[in-house]
Amino acid sequence: MPAPRLSVVVTRRLPETVETRMKELFDVQLRDPDTRMSREELAAAMRGADVLVPCVTDQIDANLLAQAGDKLKLIANYGAGVDHIDVATARQRGILVSNTPGVVTDDTADMTLALILSVTRKIPEGLAEMQAGQWQGWSPMAHLGGRIGGRRLGILGMGRIGQAVARRAAAFGMQIHYHNRKRLRPEIEQALDATYWESLDQMVSRMDVISINCPHTPSTFHLMNARRLKLLKPTSVIVNTSRGEVIDENALTRGLRAGEIAGAGLDVFEHGHEVNPRLRELPNVVLLPHMGSATVEGRAEMGEKVIINIKTFADGHRPPDQVVPGML
């Protein structure tokens, strides 16, 4: 007699191929409307499922975990970042947490370069003029941006994505600098032709472009605070495709409005989907709706990793992408 299948609750719509494969393997409850679950719905799901498959829009905090039933044994996150999950509390309650690292590296790095180019070359301004039908033809002094070749790029967070950004930026002729919790091994640093800065203050004050590629943790919250943002050169640009909480958004907005920072490209925001309305008003800011990992291929690969983590757990083994507090 076959073993009973794990009950799995998915909190958001996933690619059709992923949902179909889950249906084949597990007793899965899919989400029909592509909307966020309420806290009440999340709590109910956590009481009745063996496995919860949340994503970044689901805040799984200690209070919510306290409402989970004894049945819940795995939170298989659909995404690499897990700052929306209280991993330590989950572990205390005997609930494993897994994620999907690596699959969004190239996609996010691509978007980082897209934002750098968009801000420095004023692409949104040109696009707006064309869409409004206001273009009067080529002019020698119209929409003058700056080339990125030869500029110094300071990468904050030199993990998988930071290194992928470095490789792409080097192909554009940028000089690579970085600050990281731990210095890279010499052979990696040499391969990237990257200069390490132990002092973040010293690095940001010398860069032409700052790229935020570190996770959101208690130690990185507002790492780019008001004091540090004031160290940036008035000609510098800052780009964030990581987590919005790393930058003090109000301080950034003030600096941009005052001309103390030349521009910004943001794919993530401090308060989730609630974007500071003053940012929308600034012509030197490019805003995107968290599109860094939004490729068909990336979303499918994320789903495949979720399935592997759940299937491995169902077979009585540790999920290959298990997250533990010491990793954060």
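Residues numbered from 1 in each chain as written. Predicted model: local features only at pLDDT ≥ 70, side-chain atom pairs only at ≥ 80, totals over all residues. Heavy atoms only, no water.

K.L.:
Can you help me understand the overall build of the protein chain in this one?
P.N.:
Scanning the protein chain from N- to C-terminus turns up 13 helices and 13 strands. Relative to its length of 328 residues, the protein chain is compact, with a C-alpha radius of gyration of 22 Å against a globular reference of 20 Å. With the C-alpha coordinates of the protein chain rotated into their principal frame, the extents come out at 75 × 50 × 35 Å. Long-range pairs, those at least 24 residues apart, make up 60% of the contacts in the protein chain between residues at least 6 apart in sequence. Carbon and sulfur atoms make up 52% of the accessible area of the protein chain, which amounts to about 16,400 Å² in all. (Helix = DSSP H or I, 4+ residues; strand = E, 2+ residues; numbered from the N terminus. Rg over C-alpha atoms; globule rule 2.2 N^0.38 Å. Contact = heavy atoms within 4.5 Å. Areas by Shrake-Rupley, 256 points an atom, 1.4 Å probe, with all protein chains shown as cover.)

K.L.:
Can you walk me through the packing of aromatic side chains in this structure?
P.N.:
Aromatic ring pairs are defined here through the distance separating the ring centres and the angle between the ring planes. In total, this model carries 1 aromatic pair according to the counting rule given. With centroids separated by 5.1 Å and ring planes inclined at 50 degrees, the aromatic side chains of Tyr178 and Tyr196 adopt a geometry described as tilted. You can see Tyr178 sitting in strand S7 (residues 175-179) and its partner Tyr196 sitting in strand S8 (residues 194-196), a full 18 residues away along the chain. Taking relative accessible area as the criterion, Tyr178 reaches 0% and is therefore assigned buried. (Phe/Tyr/Trp six-rings, centres within 6.5 Å; stacked < 30°, edge-to-face > 60°. Buried < 20%, exposed > 50% of the residue type's maximum accessible area, 1.4 Å probe, protein only.)

K.L.:
Sorry, what's going on with the nonpolar core here?
P.N.:
What tends to happen in soluble globular proteins is that the nonpolar side chains get buried as a cluster. Ile212, Met224, Leu229, Ile238, Ile247, Leu252 and Leu256 are the most contacted members of the largest nonpolar core, which has 27 residues in total. Put simply, the parts of the chain that give this core at least two residues each are helix H9 (200-204), strand S9 (209-212), helix H11 (249-257) and strand S11 (263-266). Residue contacts for Leu252: discarding those within four places in its chain leaves Leu229, Ile238, Ile247, Ile261 and Leu266. Formed by 23 residues, the second largest nonpolar core is a distinct cluster that contains Leu153, Ile176, Leu184 and Val237. (Core = buried A, V, L, I, M, F, W, Y, C linked by side-chain atoms within 4.5 Å.)

K.L.:
Please explain the pattern of salt bridges as it appears in this structure.
P.N.:
Should their charged atoms come close, side chains of opposite charge can pair. Considering all chains together, one arrives at 17 salt bridges under this definition. In this structure, the salt-bridge partner of Asp315 is Lys311, at a minimum N-O distance of 3.2 Å. Residues joined in a network through salt bridges with shared partners are Asp106, Asp110 and Arg168. (Salt bridge = Lys/Arg side-chain N within 4 Å of Asp/Glu carboxyl O.)

K.L.:
Can you help me understand the sheet that holds S11 in this one?
P.N.:
Neighbouring strands of a sheet are bound in pairs by backbone hydrogen bonds; such pairs are parallel or else antiparallel. Ordered in space as S8-S7-S6-S9-S10-S11-S12, the 7 strands form an open sheet in which the pairing is parallel. Each edge of the open sheet carries a strand with a single partner, namely S8 and strand S12 (285-287). Averaged over all adjacent pairs, the angle separating strand axes in this sheet is 20 degrees, with direction ignored. Judged from the 5 bridges that link them, strand S6 (residues 152-156) and S7 form a sheet pairing that is parallel. Bridge pairing in S7 links Gly154 to His177. Packing of helix H7 (residues 160-171) onto the sheet brings it into contact with S6, S7 and S9, and relative to S6 it is tilted by some 170 degrees. (Pairing = 2+ DSSP bridges. Axes fitted to C-alpha atoms, helices over the stretch in contact; angles between N-to-C directions.)

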